[in-house]
Amino acid sequence: MRSAVVVGAGIGGLAAAGALARSGWRVTLLERDDRIRAGRAAVVLWPNGVRALRALGLAGGLEGISTPVPPAGIHRPDGSWLVPPGAAELESPPVVVHREDLHDAFIAGIGEQVDVRGGIAVQSARVRRDRPAVGDGRVMFEGDLVVAADGPDSAIRRRLAAASTFASAGFAAWRAVIPWYRAPELPAGVPGHGDVLGGGQRFAYASLGERGSAGGSSRGGISWVATVPGALRPEPPAGQLALLRRWFAGWHGPVAQLLDATEADDLVQEPVGEIIPLPDTLGIAAGAGGYALIGDAAHAMPHHLAQGASLALEDVATLQTVLAGGAVPAALHEYNRLRRPRILRVLQQSKKAAAVLQSRGRIAASIARVNPRSLERAAAAATEWGGPTG
Ligand SMILES: Cc1cc2nc3c(=O)[nH]c(=O)nc-3n(C[C@H](O)[C@H](O)[C@H](O)COP(=O)(O)OP(=O)(O)OC[C@H]3O[C@@H](n4cnc5c(N)ncnc54)[C@H](O)[C@@H]3O)c2cc1C
């Protein structure tokens, strides 16, 4: 029986551990935190991410835990349209999912065949012997395959692709889910999701549905993401929340209402950045086995297109398919051949989206010849994925 060590139990690592176990691998899943837990946030999954879930056999319950968020245009802070709703060129609308619901689906998908170890912070990766192995300074874990799913600061990537580092994109971001019992009722006529953009700042929100209702998160609530130019804020969460309320004061729609209903404990502050340069290869042979870099460990990028989780799921679906074909080194070569050009294309779209976000005001936008519609077009183009075999 082939064995794999998966490092990191985020969206990518959980999906990879389950996919490998279901394909007959013996899997050890290592996570730095003591417990495996979902982030306190929601994610948008685009049609490509849903296709990847389907390829992994995990899309079965998705309709019951997700809410569609069809592109609904983008407002300026004063309420005028920056991008009026247009004909979206998508095979199906994106959906928003509570991370805890996704997490539950993945945990159910890993079954009993995965040996899950919490409290293991991997620090090293061995490349010179015949089999790959990673260690936390006390114990080495060996396998035919190591999957590096340890996020943007990946210790494994630092060892195997040292030139590629996580660099700030010059933004800080906050996510929150206002739980159902505190979520404000949106006034009549205000849509369940929206996107407001101006002065380099962005506020996007989406309702996760009524608690217990069909076709939405069983947890309910309202999710939002705020993006602001600048570095991470050193203030405690209550101070950060006060700043967010000031920066977004007077913004169109329910923005102020949502920030008022948010509590400091709901907030998750995150850096926004990119792995630069993209590693030369995302599949590294080591003897008769090797390493696969997946998700943010391989290609973290700014969240402007909300593609990070969908790309991680594409990585896993591709990896599962190529590994079914035979020897690990050849499969990793194929994994890189299929994934690297795809990631480079999405990075290009991400840069187009960043140009729109960074243009502050109408004059700057016209000087820079930035067409706000290119944000919508970049989002649609990023969903074009040919499936696990390209
Ligand atoms: C503000 C914001 C909004 C976003 N919105 C969306 C969205 O709507 N849709 C979308 O698709 N994407 C979105 N993203 C991106 C998305 O969240 C990420 O791309 C995705 O979570 C990456 O998953 P991952 O499993 O690769 O990494 P992570 O989620 O970072 O998981 C890495 C795991 O590895 C563990 N770990 C780290 N180091 C070690 C170590 N040394 N040893 C062992 N374990 C370790 C961590 O504890 C963690 O559990 C957003 C990102 C931001 C910042």
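All values derive from a computational prediction rather than experimental measurement. (Residues numbered from 1 in each chain as written. Predicted model: local features only at pLDDT ≥ 70, side-chain atom pairs only at ≥ 80, totals over all residues. Heavy atoms only, no water.)

1. Points about the nonpolar core
Next, step 1: One finds Leu 45, Val 134, Leu 145 and Ile 156 to be the most contacted residues of the largest nonpolar core, which totals 86 residues.
Next, step 2: Of the residues forming this core, the biggest block, 11 residues, is contributed by helix H10 (residues 328-358).
Next, step 3: If near-sequence neighbours (up to four positions away) are discounted, Ile 156 is found in contact with Val 7, Val 122, Ala 125, Val 134, Val 146, Ala 148, Asp 150 and Tyr 291.
Next, step 4: The next biggest cluster of nonpolar side chains, apart from the first, holds 20 residues, and it includes Ala 172, Ile 222, Trp 224 and Leu 267. (Core = buried A, V, L, I, M, F, W, Y, C linked by side-chain atoms within 4.5 Å. Buried < 20%, exposed > 50% of the residue type's maximum accessible area, 1.4 Å probe, protein only. Helix = DSSP H or I, 4+ residues; strand = E, 2+ residues; numbered from the N terminus. Contact = heavy atoms within 4.5 Å.)

2. With respect to the packing of aromatic side chains
Next, step 1: Considering all chains together, one arrives at five aromatic pairs under this definition.
Next, step 2: Relative to Phe 248, the ring of Phe 203 has its centre 5.6 Å away and its plane inclined at 65 degrees; by these criteria the two rings are edge-to-face. Here the residue Phe 203 occupies a position in strand E15 (residues 201-207), and Phe 248 occupies one in the loop between helix H6 (237-247) and helix H7 (255-261), the gap between them amounting to 45 residues. Across the pair, exposure class does not vary: Phe 203 and Phe 248 are buried alike.
Next, step 3: Members of the aromatic cluster, connected to one another through ring pairs, are Phe 203, Trp 224, Phe 248 and Trp 251. (Phe/Tyr/Trp six-rings, centres within 6.5 Å; stacked < 30°, edge-to-face > 60°.)

3. A closer look at the site of the ligand
Next, step 1: Close to the ligand lie 30 residues, the nearest being Gly 12, Glu 31, Val 44, Asp 296 and Ala 309.
Next, step 2: In the complex, 89% of the free accessible area of the ligand, which totals 1,000 Å², lies under the protein chains.
Next, step 3: Those elements that provide at least two residues to the shell around the ligand are helix H1 (11-22), strand E3 (42-45), strand E13 (165-178), helix H8 (295-299) and helix H9 (308-323).
Next, step 4: It is H9 that provides the largest number of residues to the shell around the ligand, a total of three residues.
Next, step 5: In the shell around the ligand, the residues fall into 14 nonpolar, nine polar and seven charged. (Near = heavy atom within 4 Å. Areas by Shrake-Rupley, 256 points an atom, 1.4 Å probe, with all protein chains shown as cover. Nonpolar A, V, L, I, M, F, W, Y, C, P; charged D, E, K, R; others polar.)

4. Observations regarding the sheet that holds strand E8 (residues 114-117)
Next, step 1: Taken in spatial order, the six strands of this open sheet run E8-E2-E1-E12-E19-E18, and their pairing is mixed. Two strands in the sheet have a free side with no partner beyond their single neighbour: E8 and strand E18 (283-286). Between one strand axis and the next, the sheet turns by 15 degrees as a mean value, whatever way the strands run.
Next, step 2: Here strand E12 (residues 145-148) pairs with strand E19 (residues 289-293) via four bridges, running parallel. The residue bridging Val 146 from the neighbouring strand is Tyr 291, located in E19.
Next, step 3: Contacts from H10 reach E12, E18 and E19, with the element oriented near 25 degrees to E19. (Pairing = 2+ DSSP bridges. Axes fitted to C-alpha atoms, helices over the stretch in contact; angles between N-to-C directions.)

5. Topic: unusual backbone geometry
Next, step 1: With omega at -15 degrees, the peptide bond leading from Ile 276 into Pro 277 counts as cis.
Next, step 2: Relative to the helices and strands, Pro 277 resides in the loop between strand E17 (268-276) and E18.
Next, step 3: Not every positive phi belongs to a glycine, and Ala 306 is a case in point at roughly 50 degrees.
Next, step 4: Position of Ala 306 among the secondary structure elements: in the loop between H8 and H9.
Next, step 5: Of the residues examined, Ala 306 reaches a relative accessible area of 28% and is grouped as partly exposed.

6. Regarding the pattern of salt bridges
Next, step 1: Summed over the entire model, instances satisfying the criterion amount to 16 salt bridges.
Next, step 2: Among the salt bridges present, the one from Asp 115 reaches Arg 117, with a minimum N-O distance of 2.9 Å.
Next, step 3: For Arg 233, the salt bridge goes to Glu 235, with nearest N and O atoms at 2.8 Å.
Next, step 4: Owing to a relative accessible area of 30%, Arg 233 belongs among the partly exposed residues under this scheme.
Next, step 5: The exposure class assigned to Glu 235 is partly exposed, which follows from its relative accessible area of 24%.
Next, step 6: Salt bridges sharing partners connect three or more residues here, namely Arg 126, Arg 131, Glu 142 and Asp 144. (Salt bridge = Lys/Arg side-chain N within 4 Å of Asp/Glu carboxyl O.)

Everything listed here is a matter of coordinates, which is why it stays silent on function.
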